[in-house]
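Here are the chains, one letter per residue:
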Amino acid sequence: MPMRLMQRQPLDGRHHLILLAGAVGILLYGIIALDTPTAIALIAAGAYAIALCLLWGIDWQRIEQDLLTGIHAMLVPILILISVGMMVGVWMLSGTIPSMVAIGLEALSPALFLVVACLSCSMMSIMAGTSWGTLSTIGVALMGVAIGLDIPPGYAAGAIVTGTFFGDKLSPLSDTTVMASAVCGVNIITHIKHMLYTTLPAYGLALIIYAWLGSMAATNGGISGDTQVILQALHADFFLTPVTLLPPLVVFACILLRKPVLPSFFLGILSGALIAMLVQGASLSAVGEALNTGFRADSGISMVDDMLSRGGLQGMMSTVAVLIAAAVLGAPFKSAGTLDAAVQMLARRHAGRRQVLGGAMALHGTAFLLTGSYYVTFSLLGPLLRPLVTASGSDPKNLSRILEDTGTTLSPLVPWGVTGAFTAATLGVATAEFFVYAILCYTTILFSLFYVISGLAQGRPVATSDTNS
C-alpha cells in the first residue's frame, strides 16, 4: 500500500536533490577516496539511484527501458572505440605509427613540441571536423613522439586534447557544432563566431603555457641521446618507407569527404593489414593477433617497447565497460525526470538573463556529468531551455555557446563519458594525469561564466525567423 500511495505522487525537488547528491557522492568517494575502478563506481552510484527510484514508486519497466535506450546510444561509440583499438594495433605492426613517430622525432625539439602538437591537432580537427579521428591518428603518433622527446605524458596529452577540441568546436563540419546550433535555432556561422569570445582567449592562454612548459621540459636544443636510440631501434625493427603512411591518408581522405566513421576506420584497418604483410613481412596470424591483443614490441629497449606496445580490441574492453556503466547511472535520472524538473523550476522563477544563462550552465554541466554524452544533453536541454533564454531577453546564440562550453570542451575531462573514456584509452594517459594541462577545456567554462556575470559579448535578442540554421 505505501508503494501505491507514493506512486501516485510526482517526485518533488527534495527527491531529486537526494537522488543527485547521493549518486554524485558515491561516484566521487569511490573514484577519489577508495580508488575504485570507474566502471564499478558508476554501477554503484547507478544502483543507488535505481533503488531510490523503485522505492519512490517508479516502475522497473520504465527504468529498464531507459537503461536499454542509454546502452543503445552507446553502441556506435563502442564500435568506434573497438575499431580504433584494432586500427592502432595493426598500424603499429605495419610501421605506420613508427614512421610517424620517426618523422616527429627528427623534425621537432622538446621546446617546440607542445605548441606544434596543439596547432597541428587544431588544423586537423578544423579540416576534418572530428575529435575522435584526430585523437586516433595524429594524436597517437604525437604521444609516441612525446615519449621519444622525454616530454611528460600529461603535458603531451593536454596539448593534444586542447588542439583537438579547439578545432572540433570551431569546425562547421563537426557534429557537435552543427547539433548545438540546430537545437538552439542559431545560424551555424553565427554560432561559430560567437564561440570565439570564449574559445580564442582560452586557446591563446593555453599556447602561452605550452610554450613555457616546453621550454622547461627541454634539456637541449637538439636530438637527445635517448631520441637517437629510439630512432635506431625504429629503423632496425621496421622498414620505414613513405608507403607506410598510406593508412592514415586513407582515413583522412574519407573523413574529409564526410564518409561514415566506421567504414573509414575499416579501410584504415584493411590498408594497415595489407601493408603489414606486404611491406613488413608480417604473417596473417600476426595481423590477427595485433587486431585482437594489440602490438607487442620486443626490441630490448624498454622505452621503445612501452611506446609501441599499444592497441588491440581487448585493450579497449575496460573502456567499453565504463560506457555501459555510464548508461546504468544515467537511466534512473531520466526515469525520475530530474532534468525536466530542474528546467520547470527555473521557468517558475521568472528569472532574468543572468539567472537563466547561469542556470543553463549549471544544469547542462550537471546533466553532462551524469550522462557523459552531449548528444543526449544537447537534444534534451537545447529545446527546453531555448524559450526560457529568449523570454529572459537573451540571444539564443548564448545558449548554443553555453552548450558547447559545458559540453564539447568539457567532454574529454569526464572519464566515464563517451568522449572522455575514448580520449584516455586512445592516448594511453589517464584523465587525472592530463586534466590540468588540457587548459582549453576548463578555462573556456571560466570565460563563459565571466560573460554571463558581466553581460559582455551577449548580443541582442534575435527574432525566431532569423535564427534558422
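Just above, that's the structure.
Residues numbered from 1 in each chain as written. Predicted model: local features only at pLDDT ≥ 70, side-chain atom pairs only at ≥ 80, totals over all residues. Heavy atoms only, no water.

**Remarks on the packing of helix α2 (residues 13-33) against helix α16 (residues 317-336)**
Packed helices, taken two at a time, are described by the angle their axes make and the gap between the axes. Relative orientation of the contacting elements α2 and α16 amounts to 175°, with a least axis distance of 11 Å. The angle between α2 and α16 places the two elements in the roughly antiparallel class. Contact with α2, carried on its side by H16, L19, L20, A23 and L27, involves L329, P332, F333 and A336 of α16 and no other residues of that element. (Axes fitted to C-alpha atoms, helices over the stretch in contact; angles between N-to-C directions. Helix = DSSP H or I, 4+ residues; strand = E, 2+ residues; numbered from the N terminus. Parallel < 35°, antiparallel > 145°, perpendicular 65-115°, else oblique. Contact = heavy atoms within 4.5 Å.)

**Some thoughts on a nonpolar patch on the surface**
The grouping of F266, L267, L270, L274 and L278 at the surface amounts to a nonpolar patch, some 510 Å² of accessible area in total. Tracing the chain through its elements places F266 in helix α13 (residues 261-278). Residue F266 is classed as exposed on the basis of its relative accessible area, which comes to 51%. (Patch = residues over 30% accessible without salt bridge, like charges linked within 9 Å, V, L, I, M, F, W, Y side chains within 5 Å. Areas by Shrake-Rupley, 256 points an atom, 1.4 Å probe, with all protein chains shown as cover. Salt bridge = Lys/Arg side-chain N within 4 Å of Asp/Glu carboxyl O. Buried < 20%, exposed > 50% of the residue type's maximum accessible area, 1.4 Å probe, protein only.)

**Here we look at the environment of S171**
Looking at the secondary structure, you find S171 in the loop between α8 (153-170) and α9 (175-183). Distance in space between the C-alpha atoms of S171 and F252 is 15 Å, their sequence separation being 81 residues. When near neighbours in sequence (up to four residues on either side) are disregarded, S171 contacts S125, I126, G129, T177 and I192. At 2.9 Å, the side chain of S171 forms a polar contact with the backbone oxygen of I126. (Polar contact = N/O pair within 3.5 Å; in protein donor to acceptor, adjacent residues only side chain to side chain.)

**A closer look at the pattern of salt bridges**
Enumeration according to the criterion identifies one salt bridge in this entry. Measuring nitrogen to oxygen at the nearest pair gives 2.4 Å for the salt bridge that ties D405 to K169. Placement of the pair is D405 in helix α20 (residues 396-405) and K169 in helix α8, with a sequence separation of 236 residues. Across the pair, exposure class does not vary: D405 and K169 are buried alike.

**As for the state of the cysteines**
Tallied over the entire structure, the rule returns zero disulfides. In this structure C118 is a free cysteine whose sulfur lies 7.4 Å from that of C121, the closest cysteine sulfur available. Here C254 stays unpaired: no disulfide links it, and the sulfur of C121, its closest cysteine neighbor, is 20 Å away. Accessibility expressed as a relative area gives 11% for C254, which makes it buried. (Disulfide = S-S within 2.5 Å.)

**A few points about the packing of aromatic side chains**
Scanning the model with the defined rule gives seven aromatic pairs in all. With a centroid separation of 3.7 Å and 15° between ring planes, the pair formed by F166 and Y203 is classed as stacked. You can see F166 sitting in helix α8 and its partner Y203 sitting in helix α10 (residues 188-217), a full 37 residues away along the chain. There is no split in this pair, since F166 and Y203 are both buried. Ring plane angle 5° and centroid distance 6.2 Å describe the contact between F435 and Y442, whose orientation is recorded as stacked. Judged by relative accessible area, which is 37%, F435 ranks as partly exposed. On the basis of relative accessibility, which here comes to 27%, the residue Y442 falls in the partly exposed class. Through a chain of ring-to-ring contacts, the aromatic side chains of Y197, F450 and Y451 assemble into a single cluster. (Phe/Tyr/Trp six-rings, centres within 6.5 Å; stacked < 30°, edge-to-face > 60°.)

Without other data, these values stay purely geometric and don't point to any function.
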